[in-house]
Amino acid sequence: PTRRSSDLKEKNMKLIVTENYEEMSQQATEIIIKTFQSQPNGLYCFAGGDTPVKTLQLLCKAHEEKLIDLTQAYYIELDEWVGLDQTNSGSCLAYLKKNLFEPAHIPLDHIHAFNSLSKNLVEECQRANQYISAHNGLTLTLLGVGVNGHLGFNEPGVNPNYCAHIINLDEITQSVGKKYFDTNEILSQGITLGIKQLMESQIVIVEANGAKKHEPIQRVINGDIDIMCPVTIINNHPQAYLIVDRAAIKGDD
């Protein structure tokens with residue numbers, strides 16, 4: 001059975017503990033579907049990585065079954081590896097195209113992505129900030145969490161008041177990131193939406209599964225808000241959901 005708790009040490013975040021990855025994905029999908037139904041023209045931000053894959057697949061299925069229409073909404077990329085061609089299969093944009101944009105036939109003019117090859121990355125950040133402002137902020141943001149607690153490429157110690165910015169990536173992020181690439185890429189920097197923008201999203205969902213995510217999840221549930229573990233900031237959000245499987249809670253698979 002799913003356990004819900006909304007009063008963890010007077011924290012705002014709602015915890016949903018599920019039995020496994022599939023149930024975690026289903027729980028997140030249900031919240032996202034309701035949001036699309038009520039705000040079909042909103043601005044949505046979905047993380048890359050292994051964790052959200054099933055959720056995105058379930059959203060595409062709901063789109064096919066006409067429960068929602070994903071083509072009416074707008075989308076902005078959460079983050080990208082600096083210096084990486086968007087056509088590289090390991091890029092965050094390639095991931096979103098494969099798992100969401102292409103299966104759901106999202107119009108290209110409804111997608112804002114970072115050009116991480118730009119000679120003016122500050123301008124790229126400004127473009128992202130302007131896009132979010134033009135849509136009156138993010139409607140819903142779906143995030144994974146790094147083993148070091150990062151959100152997007154907002155690494156430990158990041159300024160929580162930043163909007164989109166360029167950041168030097170932690171060694172652990174660079175190391176974990178290599179699994180997405182067939183070739184040996186240099187992954188020293190990222191470009192990312194900032195904590196400020198993510199926390200101004202109307203709804204924030206953080207998904208985590210597996211024992212490897214145990215430490216950051218425990219810090220969200222039992223610890224204080226600490227920017228050295230950026231995911232803990234979701235405790236400040238009025239409509240944040242932490243959806244995890246039992247392995248992430250217990251620390252064993």
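Since the model is a prediction, treat every value here as computed from it, not as a measurement.

**Q** Would you mind showing me how to read the packing of aromatic side chains here?
**A** By convention here, two paired aromatic rings are described through the distance between centres and the angle between planes. Scanning all chains against the criterion turns up six aromatic pairs. Geometrically, the ring pair formed by Tyr 44 and Phe 46 is stacked, given 6.4 Å between the ring centres and 15 degrees between the ring planes. In this pair, the class of Tyr 44 matches that of Phe 46, namely buried. The ring of Tyr 241 has Lys 14 lying over it, and the distance from NZ or CZ to the ring centre is 5.4 Å.

**Q** Honestly, the pairing of strand E3 (residues 43-46) in this entry has me stumped. Any pointers?
**A** Strand residues, when the strand is regular, have side chains that alternate between the two faces of the sheet. Of the two faces of E3, the one holding Leu 43 and Cys 45 and the one holding Tyr 44 and Phe 46 are both buried throughout. Following the chain from E3 across helix H2 (residues 53-64) to the adjacent parallel strand E4 (residues 74-76), one finds a crossover that is right-handed. One ladder, built from three bridges, connects E3 with strand E7 (residues 140-143); its direction is parallel. Residue pairing for E7: Phe 46 is matched across the bridge by Leu 142.

**Q** Honestly, the side chain of His 110 in this entry has me stumped. Any pointers?
**A** Checked against the element boundaries, His 110 lands in the loop between helix H3 (92-101) and strand E6 (111-112). The exposure class of His 110 is buried, given its relative accessible area of 12%. Those residues in contact with His 110 that lie beyond four places of it in its chain are Thr 71, Gln 72, Ala 73, Tyr 74, Tyr 75 and Tyr 131.

**Q** Looking at this model, I keep getting lost on the pairing of strand E9 (residues 189-192). Mind explaining?
**A** Judged from the three bridges that link them, strand E5 (residues 79-81) and E9 form a sheet pairing that is antiparallel. Paired with Asp 79 across the strands is Thr 192, a residue of E9. Relative to E9, strand E8 (residues 165-168) runs antiparallel, the two sharing four bridges. The residue of E9 that forms the bridge with Ile 166 is Ile 191.

**Q** Explain the packing of H2 against H3 to me, please; I cannot follow it from the model alone.
**A** For any two helices packed against each other, one specifies the crossing angle of their axes together with the interaxial distance. Interhelical geometry of H2 versus H3 gives an angle of 40 degrees and a closest axis separation of 9 Å. Judged on the interaxial angle alone, H3 and H2 are oblique. Every residue of H3 that contacts H2 at Val 53, Leu 56 and Cys 60 is listed here: Tyr 95, Asn 99 and Leu 100. For the contact of H2 with H3, the residue count by class is five nonpolar, one polar and no charged.

**Q** Help me out: how do you make sense of the packing of helix H1 (residues 21-38) against H2 in this one?
**A** Relative to each other, H1 and H2 sit at 50 degrees, their axes nearing to 8 Å. It follows from the interaxial angle that H1 and H2 lie oblique. Classified by chirality, the crossing of H2 by H1 is right-handed. Contacts between H1 and H2 pair Tyr 21, Ser 25, Gln 26, Ala 28, Thr 29, Ile 32 and Ile 33 from the former with Val 53, Lys 54, Thr 55, Leu 58, Leu 59 and Ala 62 from the latter. Here the contact of H1 with H2 is composed, by residue class, of eight nonpolar, four polar and one charged.

**Q** So what exactly am I meant to see when it comes to the layout of surface pockets here?
**A** To find leftover empty space, one rolls a probe the size of a water molecule over the atoms. One number sums up the size of the largest pocket: a volume of about 750 Å³. What lines the largest pocket is a set of 36 residues, among which Gly 48, Gly 49, Asp 50, Lys 179 and Tyr 180 lie closest to the centre. Going through the elements one at a time, E5, H3 and helix H5 (171-177) are the ones with two or more residues in the lining of the largest pocket. Residue contributions to the lining of the largest pocket peak at five residues, all from H3. Considering only residue class, the lining of the largest pocket consists of 15 nonpolar, 15 polar and six charged.

What counts as what
Residues numbered from 1 in each chain as written. Predicted model: local features only at pLDDT ≥ 70, side-chain atom pairs only at ≥ 80, totals over all residues. Heavy atoms only, no water. Phe/Tyr/Trp six-rings, centres within 6.5 Å; stacked < 30°, edge-to-face > 60°. Buried < 20%, exposed > 50% of the residue type's maximum accessible area, 1.4 Å probe, protein only. Lys NZ or Arg CZ within 6 Å of the ring centre and 35° of its normal. Helix = DSSP H or I, 4+ residues; strand = E, 2+ residues; numbered from the N terminus. Right-handed = clockwise from strand over helix to strand, strands pointing away. Pairing = 2+ DSSP bridges. Contact = heavy atoms within 4.5 Å. Axes fitted to C-alpha atoms, helices over the stretch in contact; angles between N-to-C directions. Parallel < 35°, antiparallel > 145°, perpendicular 65-115°, else oblique. Nonpolar A, V, L, I, M, F, W, Y, C, P; charged D, E, K, R; others polar. Left-handed = near helix turned anticlockwise from the far one by under 90°. 1 Å grid on protein atoms, 1.4 Å probe; cavity = no way out; pocket = protein on both sides within 12 Å on 5 of 7 lines; lining within 4 Å. Points joined across faces, edges and corners; volume = space filled by probe spheres on them.

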